[in-house]
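# A closer look at the structure
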Amino acid sequence: MTPRLSVARKLDHCTVLGPGTRAVLWVQGCPLRCRGCVAAETLPFAGGTPYTVTELADWLCALPDSEGVTFSGGEPFAQAAGLAALLDAVRQRRPDFGAMAYSGFRYETLSEGAPDQRALLRRLDLLVDGPYVAARHAGLRWRGSANQRILALTDRYAHIPSQPDVSAGVEVSMEPDGSLSWAGVPPTPGFREGLETQLAARGFVLHTQARREA
Ligand code: SF4
């Protein structure tokens with residue numbers, strides 16, 4: 001049976017969560033509880049929006065400006081079978097589609113993990129691994145704390161780990177209904193709380209959940 005995915009949020013275009021311009025898929029649910037996690041709404045396994053692999057593959061293949069996708073969360077490796085199937089489905093139509101993922105688990109753990117986790121690992125070009133550690137927060141590229149590594153798993157992004165390691169910042173965008181959403185890894189602790197407070201004071205609503213298109 002084709003796996004389904006529980007999605008917290010998805011974004012068509014993003015330049016701050018991986019190389020180039022790419023789509024981002026945040027899955028719903030994470031077994032870890034890192035203190036200071038910036039995506040608290042994605043942690044419960046209940047509450048996501050269900051999508052079939054075909055629906056998500058159609059979405060990604062309809063984004064010609066995106067050179068790949070980044071899986072975030074939540075914990076992507078908690079839905080490894082579905083994400084591996086998604087990459088297979090996309091690459092049938094776009095063989096050059098890049099794939100990056102975040103994980104709260106270290107590469108060494110994942111590489112000895114369940115078969116579906118190893119299958120997802122084999123399909124990734126880039127992995128940011130390890131839990132967020134608030135005490136080691138730093139303004140680094142695409143990650144929040146200094147213990148987290150950027151690992152090139154294929155040649156596609158092999159040059160990335162040697163490039164300057166500075167924060168890519170965050171992006172704020174307006175949804176069609178006028179609400180705002182943001183993406184990225186905040187370079188400073190407490191960024192999200194400060195942003196939400198300032199936006200609320202100006203009457204803006206922050207959008208953090210996946211919504212199905214009509
Ligand atoms: S692994 Fe990531 S999503 Fe899960 S609690 Fe830690 S920071 Fe949050």
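Residues numbered from 1 in each chain as written. Predicted model: local features only at pLDDT ≥ 70, side-chain atom pairs only at ≥ 80, totals over all residues. Heavy atoms only, no water.

As recorded in an unreviewed UniProt entry, the protein chain goes by Radical activating enzyme and comes from Streptomyces monashensis. Recorded in UniProt for the protein chain, the comment headed Cofactor (unreviewed entry) runs: "[4Fe-4S] cluster". (UniProt positions renumbered as here; feature names shortened; annotations may be inferred.)

### Brief notes about the sheet that holds strand β9 (residues 149-152)
Across the sheet, 7 strands lie side by side as β3-β1-β2-β4-β5-β6-β9; this open sheet has mixed pairing. The strands lining the two open edges of the sheet, one partner per strand, are β3 (49-52) and β9. Taking the axes of each pair of neighbouring strands and ignoring which way they run, one obtains an average angle of 30° across the sheet. Where strand β1 (residues 4-14) meets strand β2 (residues 22-27), 5 bridges bridge the pair, whose relative direction is antiparallel. Counterpart to K10 in the pairing with β2 is L25. This element, helix α1 (residues 53-61), spans β1, β2, β3 and β4 (68-72) of the sheet and lies at about 80° to β3. The sheet contacts of helix α2 (residues 80-93) involve β1, β2, β4 and β5 (98-102), and relative to β4 the element is tilted by about 175°. (Pairing = 2+ DSSP bridges. Helix = DSSP H or I, 4+ residues; strand = E, 2+ residues; numbered from the N terminus. Axes fitted to C-alpha atoms, helices over the stretch in contact; angles between N-to-C directions. Contact = heavy atoms within 4.5 Å.)

### Brief notes about the nonpolar core
If you look at the biggest cluster of nonpolar residues, it comprises 32 residues, and the most contacted ones within it are L60, F71, F77, L86, L120 and L124. Those elements that place two or more of their residues in this core are β1, β2, α1, β4, α2, β5 and α4 (115-123). In contact with L124, not counting residues within four places along its chain, are F71, F77, L87, A99, M100, A101, L153 and T154. By size, the runner-up hydrophobic cluster in this structure holds 17 residues, among which are L11, Y157, I160 and A183. (Core = buried A, V, L, I, M, F, W, Y, C linked by side-chain atoms within 4.5 Å. Buried < 20%, exposed > 50% of the residue type's maximum accessible area, 1.4 Å probe, protein only.)

### What about the site of the ligand?
Around the ligand, the neighbouring residues are C30, L32, R33, C34, C37, L43, G74, G104 and Y132. Assessed atom by atom at 2 Å from the grid points, the ligand resides in the largest pocket. (Near = heavy atom within 4 Å. 1 Å grid on protein atoms, 1.4 Å probe; cavity = no way out; pocket = protein on both sides within 12 Å on 5 of 7 lines; lining within 4 Å. Sits in = over half its atoms within 2 Å of the grid points.)

### Topic: the packing of aromatic side chains
Within this structure, the stated rule accounts for 1 aromatic pair. Considering the side-chain rings of W182 and F191, the 5.4 Å spacing of their centres and the 70° angle between planes classify their relative orientation as edge-to-face. One Lys or Arg, K10, reaches over the ring of W59 and ends 4.7 Å from the middle of that ring. Geometry around W142 places R141 over its ring, the cationic atom sitting 4.7 Å from the centre. (Phe/Tyr/Trp six-rings, centres within 6.5 Å; stacked < 30°, edge-to-face > 60°. Lys NZ or Arg CZ within 6 Å of the ring centre and 35° of its normal.)

### Notes on the packing of α2 against α4
Relative orientation of the contacting elements α2 and α4 amounts to 35°, with a least axis distance of 8 Å. The handedness of the crossing between α2 and α4 comes out as left-handed. Of the residues in α4, those touching α2 at A80, A81, L83, A84, L87, D88 and R91 are D116, Q117, A119, L120 and R123. By residue class, the composition of the contact of α2 with α4 is 7 nonpolar, 1 polar and 4 charged. (Left-handed = near helix turned anticlockwise from the far one by under 90°. Nonpolar A, V, L, I, M, F, W, Y, C, P; charged D, E, K, R; others polar.)

### Details of the layout of surface pockets
Roughly 870 Å³ of internal volume is contained in the largest pocket. Along the walls of the largest pocket sit 45 residues, with C37, V38, A39, G73 and Y132 positioned nearest its centre. Residue assignment for the lining of the largest pocket shows that the elements contributing at least two residues are β8 (143-145), β11 (180-184) and α5 (191-201). Per-class residue counts for the lining of the largest pocket are 22 nonpolar, 16 polar and 7 charged. (Points joined across faces, edges and corners; volume = space filled by probe spheres on them.)

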